[in-house]
Amino acid sequence: MLPPAIGRFVSHFKTNMMITEIQQPYYTLTSEEKRYIREMVDDVVIPYSTENFDAFIHSCQQAAKLMPARLIGWKQETEQFDLGLLRNLPTEDFLVDTPKRQFVADHIPMFSDGLVGAIAALFGQTYLFERPCNRHIQNIYPVRGESAAQFPYSTNELDWHVENGAYSARADWVGLLCIREDKQAITKIARYDDIEWYQEQLSSLIGTIYSHGIDGLFHEEYAASAKMAMLDNSWQESAEQVYIRVVLEKGDMLMFNNRNTIHARSAITPKMDGTDRWLKRVLVASGTI
Ligand SMILES: O=C(O)CCC(=O)C(=O)O
Ligand SMILES: [Fe+2]
């Protein structure tokens, strides 16, 4: 237990910390940009299937070159910031009910597959890491029976993680396009830069406490135990203090760097009535592989 003075100090410190809504790079497309992208992707990107992946990716690269200049600017800022959000992208005009079982929608080519492929192509090479996900543009919706597991399609809270963190060949970027939203689902992204900054602030705060004490109430043993407690603050716990909070809306595409950030997601309460959250997900390697 920390003495109350430290508790106050720490919580004051925390109020200056930021669990922020995403600000920049965060672009909302104009209705003209939205219309242009819908028509351009429809014209240029061929329908996705696993068999025609090479032709699909080639067409996505063509589409990436035809994206409005503002999106190229967004991509550059996103690379610098390690995450970025595009809002008001076109998605399906008519979207079938969200399936209840995994892989059910995988054989249906969708407009949003092409859109995800084209935006991913701005960042690098779309690729398939995990075998169980047999699709490059994955369909992610809550699936019953996976509640305790740590998969994107699980319904429980997803702990802080990196995609395929145990592998050096893991993706450089993860992209999530929301085609059906759930206002309760919170995606959390913490940048390493912010976590490190937070930990530095903690250390210097501890240094101050250690050398001056708080309000003269303060004892060296307390300082020592406080220091232990605070330095014990793991990356995951620090991430909870500095994360950027995103509630994905229909037409949102979130891209985040899978080497410079960690991410998590709140629990999802599935309704299983066809209206559950549905994301299209892509893994990207920067440059060429
Ligand atoms: O559902 C989300 O918002 C994120 C899920 C996740 O961790 C992922 O797709 O990698
Ligand atoms: Fe993830």
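Analysis parameters
- Residues numbered from 1 in each chain as written.
- Chains lettered and ligands numbered in written order.
- Predicted model: local features only at pLDDT ≥ 70, side-chain atom pairs only at ≥ 80, totals over all residues.
- Heavy atoms only, no water.
- UniProt positions renumbered as here; feature names shortened; annotations may be inferred.
- Near = heavy atom within 4 Å.
- Polar contact = N/O pair within 3.5 Å; in protein donor to acceptor, adjacent residues only side chain to side chain.
- Areas by Shrake-Rupley, 256 points an atom, 1.4 Å probe, with all protein chains shown as cover.
- Helix = DSSP H or I, 4+ residues; strand = E, 2+ residues; numbered from the N terminus.
- Nonpolar A, V, L, I, M, F, W, Y, C, P; charged D, E, K, R; others polar.
- Axes fitted to C-alpha atoms, helices over the stretch in contact; angles between N-to-C directions.
- Parallel < 35°, antiparallel > 145°, perpendicular 65-115°, else oblique.
- Left-handed = near helix turned anticlockwise from the far one by under 90°.
- Contact = heavy atoms within 4.5 Å.
- Salt bridge = Lys/Arg side-chain N within 4 Å of Asp/Glu carboxyl O.
- Buried < 20%, exposed > 50% of the residue type's maximum accessible area, 1.4 Å probe, protein only.
- Donors = N, O, S within 2.8 Å, 3.2 Å for Na, K, Ca; no water.

As recorded in an unreviewed UniProt entry, the protein chain goes by the name Taurine catabolism dioxygenase TauD, TfdA family, listed as coming from Parapedobacter koreensis. Database annotation for the protein chain, UniProt heading Sequence similarities (unreviewed entry): "Belongs to the clavaminate synthase family."

(A) Structural detail: the site of ligand 1. For ligand 1, the full set of nearby residues is P152, L158, H161, E163, L176, T187, H263, R265, R277, L279 and R281. H263 is positioned such that a nitrogen or oxygen atom in its side chain is 3.1 Å from an oxygen atom of ligand 1. The separation between an oxygen atom of ligand 1 and a polar side-chain atom of R277 is 2.9 Å. Relative to its unbound accessible surface of 290 Å², ligand 1 loses 100% to contact with the protein. Within the residue set of the shell around ligand 1, elements represented by two or more residues are β6 (158-161), β11 (261-265) and β12 (278-286). By residue class, the composition of the shell around ligand 1 is four nonpolar, three polar and four charged.

(B) Quick look at the packing of helix α3 (residues 53-65) against helix α5 (residues 111-123). Axis separation between α3 and α5 bottoms out at 8 Å; the angle between their running directions is 65 degrees. With respect to their mutual orientation, α3 and α5 come out roughly perpendicular. For the pair α3 and α5, the crossing hand works out as right-handed. Across the interface between the two elements, F56, C60, Q61, A63 and A64 from α3 touch D113, G114, G117, A118, A121 and L122 from α5.

(C) Layout of the pattern of salt bridges. For the coordinates displayed, the defined rule picks out 14 salt bridges. The partner of E163 in a salt bridge is R281, and the shortest N-O contact between them spans 2.9 Å. Remark: R281 occurs in strand β12 and E163 occurs in the loop between β6 and β7 (173-180); sequence separation between them is 118 residues. Assigned by exposure class, E163 and R281 land together as buried. Linking R259 and D172 is a salt bridge whose minimum nitrogen-to-oxygen distance equals 2.4 Å. Note that R259 is positioned in the loop between β10 (253-257) and β11 and D172 in the loop between β6 and β7, a separation of 87 residues in sequence. R259 sits in the partly exposed class, given a relative accessible area of 29%.

(D) Highlighting the coordination of the iron ion (ligand 2). Only H161 (NE2), E163 (OE) and H263 (NE2) from the protein coordinate the iron ion (ligand 2), and they sit 2.0 to 2.1 Å from it. Spacing between the donor residues of the iron ion (ligand 2) along the chain follows H-x1-E-x99-H. Taking relative accessible area as the criterion, H161 reaches 22% and is therefore assigned partly exposed. Residue classification places E163 among the buried residues on the basis of a relative accessible area of 8%.

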